[in-house]
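# Structure assessment
Chain by chain, the residues:
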Amino acid sequence: MKLGVNIDHVATVREARRGKEPNPLEALILAEEAGCDSIVAHLREDRRHINDGDIVSIRNTVRTKFNMEMSIAPEIVEIAQTIKPDEITLVPEKREEITTEGGLDVIGYKGELSKIIPEFKNKNIEVSLFIDPDLDQIKASKNVGAGFIEIHTGSYAHAFEQGDYGEQLQLIKESVSFALSIGLGVNAGHGLDYKNVIEIVKIPGIETLNIGHSIIAKSIFTGISRAVKEMLEIIR
Ligand code: PXP
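Residues numbered from 1 in each chain as written. Predicted model: local features only at pLDDT ≥ 70, side-chain atom pairs only at ≥ 80, totals over all residues. Heavy atoms only, no water.

Attention now goes to the nonpolar core. Ranked by size, the top nonpolar core spans 69 residues in total, and within it Leu129 and Val228 carry the most contacts. Residue contacts for Leu129: discarding those within four places in its chain leaves Leu90, Leu104, Val106, Leu113, Ile117, Ser141, Val144, Ala146, Phe148, Ile149 and Glu150. (Core = buried A, V, L, I, M, F, W, Y, C linked by side-chain atoms within 4.5 Å. Buried < 20%, exposed > 50% of the residue type's maximum accessible area, 1.4 Å probe, protein only. Contact = heavy atoms within 4.5 Å.)

Okay, structure coming up:
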């Protein structure tokens, strides 16, 4: 299993003062030196953390793989097609949310997705859809032409905190094996931390775990390198 490090929250701290520090690019370089497999950043429509300049610098600096998280808003799609990340992960976005709250409704946005996905594929950009562990959404992801899905682990993470996560874990396991059986690549992420990730790591077939908040939170005390290395030790 691989690790994608989401560096959004380095920019969140920078934006607390609308200044220059901490610089997400420094985090990117240290995370790659520590051995992560890809860098993830979300250019939100409200630009609350990562901004347009960051996306350009990230593209120019990444040596591993750049996975750009984004909504399907036309303005953001245009930026992504210009910047050309290695991969995009399409997520739903609501302005008032604290973070991405649920998976993308692939069934509801079938028309838009069927148009956008081939545009990215023609530019050699891999497309992943961030969805809940739901078999109908997985089937729809295949039908609109995505190569990958990212299973939303937020409900599992919440259940883990409550101490009763068996049902959510089972849903993820079934979703992974169904997605693999119809030829989709599978990533997973959201709300994963150094404890709840252990059960997810045991699921065969997940290619990459995309993790942000828990790594950046730990890095305040240990530094990014150690925070990334500790997560890599668990994952590998
Ligand atoms: N994957 C997706 C699609 C996300 O939207 C996020 C949050 O930006 C993450 C992974 C990482 O979540 P967390 O910051 O909770 O680790």
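Before going further, it helps to examine unusual backbone geometry. The omega angle of the peptide bond from Glu21 to Pro22 is -5°, so this bond is cis rather than trans. Within the element layout of this structure, Pro22 appears in the loop between α1 (8–15) and α2 (24–34). The backbone of Arg18 sits at a positive phi, close to 50°, despite the residue not being glycine. Here Arg18 is to be found in the loop between α1 and α2. Notably, Arg47 is not glycine yet its phi reads approximately 50°, a positive angle. Relative to the helices and strands, Arg47 is located in the loop between β2 (38–42) and α3 (52–61). (Helix = DSSP H or I, 4+ residues; strand = E, 2+ residues; numbered from the N terminus.)

Residues in close proximity to the ligand total 13 residues, the closest being Glu69, Glu150, Gly191, Gly212 and His213. A distance of 2.8 Å is found between an oxygen atom of the ligand and a backbone nitrogen or oxygen belonging to Gly191. Between His213 and the ligand, the recorded distance is 2.9 Å, taken from a backbone N or O atom to an oxygen atom. Relative to its free-state accessible area of 390 Å², the ligand is covered by the protein chains to the extent of 94%. Split by residue class, the shell around the ligand holds three nonpolar, seven polar and three charged. (Near = heavy atom within 4 Å. Polar contact = N/O pair within 3.5 Å; in protein donor to acceptor, adjacent residues only side chain to side chain. Areas by Shrake-Rupley, 256 points an atom, 1.4 Å probe, with all protein chains shown as cover. Nonpolar A, V, L, I, M, F, W, Y, C, P; charged D, E, K, R; others polar.)

Here we come to the packing of helix α4 (residues 74–83) against helix α5 (residues 110–122). Here α4 crosses α5 at 15°, and the two axes come no closer than 10 Å. Judged by the inter-axis angle, α4 sits roughly parallel to α5. Both α4 and α5 take part in a crossing whose hand is right-handed. Across the interface between the two elements, Val77, Ala80 and Gln81 from α4 touch Ile116, Glu119 and Phe120 from α5. (Axes fitted to C-alpha atoms, helices over the stretch in contact; angles between N-to-C directions. Parallel < 35°, antiparallel > 145°, perpendicular 65-115°, else oblique. Left-handed = near helix turned anticlockwise from the far one by under 90°.)

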